[in-house]
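Given next are the chains, with one letter for each unit.
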Amino acid sequence: MIEILQPSWQAVLSDELQKPYFEELLIKVNEEYATTVCYPPKELLFEAFNQCSFEDLKVVIIGQDPYHGDGEANGLSFSVNDGVKIPPSLRNIFREINVDLETLFLPSSGNLVRWAQQGVLLLNASLSVQKDNPNSHKHLSWATFTDAVVQKIATEKENVVFLLWGSFAQKKGIKIDRSKHLVLTSGHPSPMSANQGKWFGNKHFSQTNAYLKSNNKSEIDW
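Residues numbered from 1 in each chain as written. Predicted model: local features only at pLDDT ≥ 70, side-chain atom pairs only at ≥ 80, totals over all residues. Heavy atoms only, no water.

### Observations concerning the packing of aromatic side chains
Per the counting criterion, the structure on display carries 16 aromatic pairs. A ring pair is formed by tyrosine 21 and phenylalanine 22, whose centres lie 6.3 Å apart and whose planes are at 85°; its orientation type is edge-to-face. Pair check on accessibility: tyrosine 21 and phenylalanine 22 agree, each one buried. Measuring from ring centre to ring centre gives 5.5 Å for phenylalanine 78 and tryptophan 165, while their planes differ by 65°; the resulting arrangement is edge-to-face. Highlighted residues: phenylalanine 78 in the loop between β2 (59–63) and α5 (88–100) and tryptophan 165 in strand β5 (residues 161–165), separated in sequence by 87 residues. Residues phenylalanine 78 and tryptophan 165 agree in their burial class; the two are buried. Taken together, the aromatic side chains of Trp9, Tyr21, Phe22, Phe46, Phe49, Phe54, Trp142 and Phe145 make up a single cluster linked through ring pairs. Its guanidinium or amino end placed over the ring of phenylalanine 54, lysine 157 lies 4.9 Å from that ring's centre, counting from NZ or CZ. (Phe/Tyr/Trp six-rings, centres within 6.5 Å; stacked < 30°, edge-to-face > 60°. Buried < 20%, exposed > 50% of the residue type's maximum accessible area, 1.4 Å probe, protein only. Helix = DSSP H or I, 4+ residues; strand = E, 2+ residues; numbered from the N terminus. Lys NZ or Arg CZ within 6 Å of the ring centre and 35° of its normal.)

### Section: the pattern of salt bridges
Summed over the entire model, instances satisfying the criterion amount to three salt bridges. With a shortest N-O distance of 2.6 Å, aspartate 147 and lysine 172 are connected by a salt bridge. Within this pair, whereas aspartate 147 is found in helix α7 (residues 142–156), its partner lysine 172 is found in helix α8 (residues 167–172), the two being separated by 25 residues in sequence. For lysine 172, a relative accessible area of 12% corresponds to the buried category. In this structure, the salt-bridge partner of lysine 152 is glutamate 156, at a minimum N-O distance of 3.4 Å. Of the two residues, lysine 152 and glutamate 156 both sit in helix α7, four residues apart, roughly one turn of that helix. (Salt bridge = Lys/Arg side-chain N within 4 Å of Asp/Glu carboxyl O.)

Here it is as structure tokens:
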């Protein structure tokens, strides 16, 4: 399974990939996929890494786990396959982009692969989930692996923007060096949080681009 992980990540995560917990994780994940319906498709488990190389990475957005409905998850946090109805959280993300960037952005698809290809790592804390059963793979060691990924990025790169939406993502990014990176936090874009005034108006997308530009990096076309 791990052979499909993008070469730049294979190199930077080589020590982590050889740890006993990770080998056990892959065995358990294979068992889950063999005995239950899981998402995303197994070949897309590491799609967030495969669409955004370590060298090109400029922004990290942390989600919790993949969408658990049939045909939705594509391995990128907050993203769904073409043809799938745009989920409420992602609709709120698009609404904030419109207001923040003063644009008229009316996407017909919730597939965020174009963000990933510009250097946005769309990382879920757990990379797999059982059908119709959110957080069902929380007991696996995905969190240990993705915590290590976040720390590796924070340690080995500079001037990365981390977008931490909601308490779960904020806890996952608590060890990031704020003097070395830009860490932006807000409520989660889910309707419950957004309707309580914790999401809209965070201006994360314009702040991200301003920071990237100030560090001589290309801005993200959101």
